[in-house]
Amino acid sequence: MRILFLAPNTPSPRTGGGSLRMYHLVRFLGERFALDLVVSAGEGRDEAESKLRNVCASMEYVPPGPGGTLRRLLRVGPYEKDPTLAAVIRRRLETQAYAAVQVEKPAMLPYLPAGLQIPIILDTWAYGLAGPLRALRHEAGILTRARNVLSLARFAAFDALCWPDTYCILVVSEEDKLRCLKERPERKVLVVPNGVDCAAVTPGRLPADGPPVILFTGDMGFAPNVDAAMFLAARLFPEIRRLYPDAELRLVGRNPEHRVRGLSGPGITVTGEVPDMVPHLHAATVYVAPHFTGAGTRTKLLEAMAAGLPIVTTSVGIEGIDAKHGQDVLLADDQPSLVEAVLRLLGDTAERTRLGVAARRLMEDRYDWARCLAPLETLYAGLLPRKGVPC
């Protein structure tokens, strides 16, 4: 069976949560079926080719066509359609007999020809408009809010009017499945959670001596991460330093936006991209993710939990992860409660250890990638031609 896999950016273990998800999806499917990967060329291509070459039947990286800026200015819908990439996808569909096409994110749906007759599997990453709505509620400034309202209207219109018939919609959590079925009760929906490689991310020994280290990780150019980093540095860290004046805050991750870079100063380190996240996880005392914007399951939280770190986050931050407050993580949804939770952990080594062990156990039991991706094998097996039964 041959599958066409359409990716909006390079599947990679190093360039963000969506890229990490695609990387593991491609590996999983490519080891079981003939998989043709078509991707809009971008950073991480060399590493992806070296890591995925042996699992893909073919890989085609398509450089952006001319006129991208003009297309973005003139487009009516929320997503750009590059004619060069569209031509490559159309050629693939016309010249190969595919059993299915897997589309990563609704942003790739405009590239599917109208009336496509093969099964479409749509992987949504984060279903619906929860992310844009949260951003709208937390944004300040009339122009920014007006721009976000227009963007939200575009997304809503596209989701309502432009989705094709799908064989299956993939979502990352039971919450997203409920949202999807409420809006599209006739569709087949399958939960394929985000995961973590528990063999690659292992627990370290929680630091017992030295200044306490507060850690937050992620793509520091991604708006929800920027929001969380700013809140952590401006609203939480000063309160933590009142009781722990030698405490350190480390913001670790690629593409730090200018506001995040500006946080660097006494007690606060902004690293930018690092070659390996695991040493930074092992050096931390507590992992804090004060998210109030964004949606979907955050792979950086899964990594921190796999590393055996005690976690403080919000109900938005833990979305899609079946972790219980007080048992696996500490949850708080306002500034005083978040500060209290962090201080509680900094003052109690045994509690940090207990929560770190529980977080690691949850990752091993529920969120290792092999377990998370297993439902895909059954899904695609249903597309295989049925063998005739001899009389």
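Residues numbered from 1 in each chain as written. Predicted model: local features only at pLDDT ≥ 70, side-chain atom pairs only at ≥ 80, totals over all residues. Heavy atoms only, no water.

Participant: I tried to follow the sheet that holds strand β9 (residues 248–252) on my own but got confused; where do I start?
Facilitator: Backbone hydrogen bonds hold the strands of a sheet together, and the pairing may be parallel or antiparallel. The strand order across the open sheet built from six strands is β10-β9-β8-β11-β12-β13, with neighbouring strands paired in parallel fashion. Either end of the sheet is taken by a strand with one partner, and the two such strands are β10 (268–272) and β13 (330–331). Here strand β12 (residues 311–313) pairs with β13 via two bridges, running parallel. Residue pairing across strands places Thr313 opposite Leu331, the latter belonging to β13. (Pairing = 2+ DSSP bridges. Helix = DSSP H or I, 4+ residues; strand = E, 2+ residues; numbered from the N terminus.)

Participant: Got a minute to help me understand the layout of surface pockets in this structure?
Facilitator: Any space left empty among the atoms is revealed by the rolling of a water-sized probe across them. The computed volume of the second largest pocket comes to approximately 220 Å³. Along the wall of the second largest pocket there are 13 residues; nearest its centre are Glu174, Gly320, Asp322, Arg366 and Tyr367. Elements represented by at least two residues in the lining of the second largest pocket include exactly α7 (174–183), α13 (349–367) and α14 (369–381). Taken together, the residues of the lining of the second largest pocket break down into six nonpolar, two polar and five charged. (1 Å grid on protein atoms, 1.4 Å probe; cavity = no way out; pocket = protein on both sides within 12 Å on 5 of 7 lines; lining within 4 Å. Points joined across faces, edges and corners; volume = space filled by probe spheres on them. Nonpolar A, V, L, I, M, F, W, Y, C, P; charged D, E, K, R; others polar.)

Participant: I tried to follow helix α4 (residues 83–95) on my own but got confused; where do I start?
Facilitator: An α-helical segment advances 3.6 residues per turn. Residues three or four places apart therefore align on the same side. For α4, built from 13 residues, the straight-helix expectation of 18 Å at 1.5 Å per residue is met to within 8% by its first-to-last C-alpha distance of 18 Å. Of the positions making up α4, those classed as buried are Leu85, Ala86, Val88, Ile89, Arg92 and Leu93. Down the axis of α4, the buried set is contained in an arc of 160 degrees. They therefore lie on one face. In α4, the exposed residues that point more than 90 degrees away from the buried face are Glu94 and Thr95. Where α4 is buried, its residues meet β1 (2–7), β2 (34–40) and β3 (58–62). (Expected span 1.5 Å × (residues − 1). Buried < 20%, exposed > 50% of the residue type's maximum accessible area, 1.4 Å probe, protein only. Arc of directions from axis to C-beta. Contact = heavy atoms within 4.5 Å.)

Participant: Explanation requested: the pairing of strand β8 (residues 213–217) in the structure shown.
Facilitator: Two faces belong to every sheet, and in a regular strand the side chains alternate between them. Among the five residues of β8, five are classified as buried, and the element is accordingly described as predominantly covered. Along β8, one buried face is formed by Val213, Leu215 and Thr217 and the opposite face, lined by Ile214 and Phe216, is buried too. Two strands pair when backbone bridges link them, and β8 and β9 are joined in this way by five bridges, in the parallel orientation. Counterpart to Leu215 in the pairing with β9 is Arg250. Taken together, β8, helix α8 (residues 223–243) and β9 form a β-α-β motif whose crossover is right-handed. Relative to strand β11 (residues 286–289), β8 is paired through two bridges, and the arrangement is parallel. Following the sheet pairing, Leu215 is matched in β11 by Tyr287. (Right-handed = clockwise from strand over helix to strand, strands pointing away.)

Participant: Hey, could you run me through unusual backbone geometry in this one?
Facilitator: What is expected of a backbone is that most residues other than glycine have negative phi and most peptide bonds are trans. Notably, Lys105 is not glycine yet its phi reads approximately 75 degrees, a positive angle. Position of Lys105 relative to the elements: it lies in the loop between β4 (100–104) and β5 (120–123). Owing to a relative accessible area of 29%, Lys105 belongs among the partly exposed residues under this scheme. A positive phi angle, close to 55 degrees, is found at Asn255, a residue other than glycine. With respect to the helices and strands, the residue Asn255 is situated in the loop between β9 and α9 (258–261).

Participant: Would you take a moment to explain the sheet that holds β5 for this structure?
Facilitator: Read across the sheet, seven strands follow the order β3-β2-β1-β4-β5-β6-β7 without closing on themselves; strand pairing throughout is parallel. Two strands in the sheet have a free side with no partner beyond their single neighbour: β3 and β7 (189–191). Adjacent strand axes in the sheet meet at a mean angle of 20 degrees when their direction is disregarded. Note that β2 and β3 share five bridges and pair parallel. Across the sheet, Ser40 pairs through a bridge with Val62, a residue of β3. Sitting on the sheet, helix α2 (residues 45–52) is in contact with β2 and β3, with an inclination near 170 degrees to β3. (Axes fitted to C-alpha atoms, helices over the stretch in contact; angles between N-to-C directions.)

Participant: Mind showing me how you'd approach the packing of aromatic side chains here?
Facilitator: What characterises a pair of aromatic rings is the spacing of the ring centres plus the angle enclosed by the ring planes. Across all of its chains, the model carries three aromatic pairs by this definition. With a centroid separation of 5.7 Å and an interplanar angle of 45 degrees, the aromatic rings of Phe33 and Tyr380 are classed as tilted. Here the residue Phe33 occupies a position in the loop between α1 (17–30) and β2, and Tyr380 occupies one in helix α14, the gap between them amounting to 347 residues. For the pair Phe33 and Tyr380, a shared accessibility class is recorded, and that class is buried. Here Phe231 and Phe292 contribute two aromatic rings whose centre-to-centre distance is 5.2 Å and whose plane-to-plane angle is 70 degrees, an arrangement assigned as edge-to-face. Of this pair, Phe231 sits in helix α8 while Phe292 is found in the loop between β11 and α11 (299–306), placing the two residues 61 residues apart along the sequence. Across from the ring centre of Phe28, 3.6 Å away, lies the NZ or CZ of Arg32, which sits over that ring. (Phe/Tyr/Trp six-rings, centres within 6.5 Å; stacked < 30°, edge-to-face > 60°. Lys NZ or Arg CZ within 6 Å of the ring centre and 35° of its normal.)

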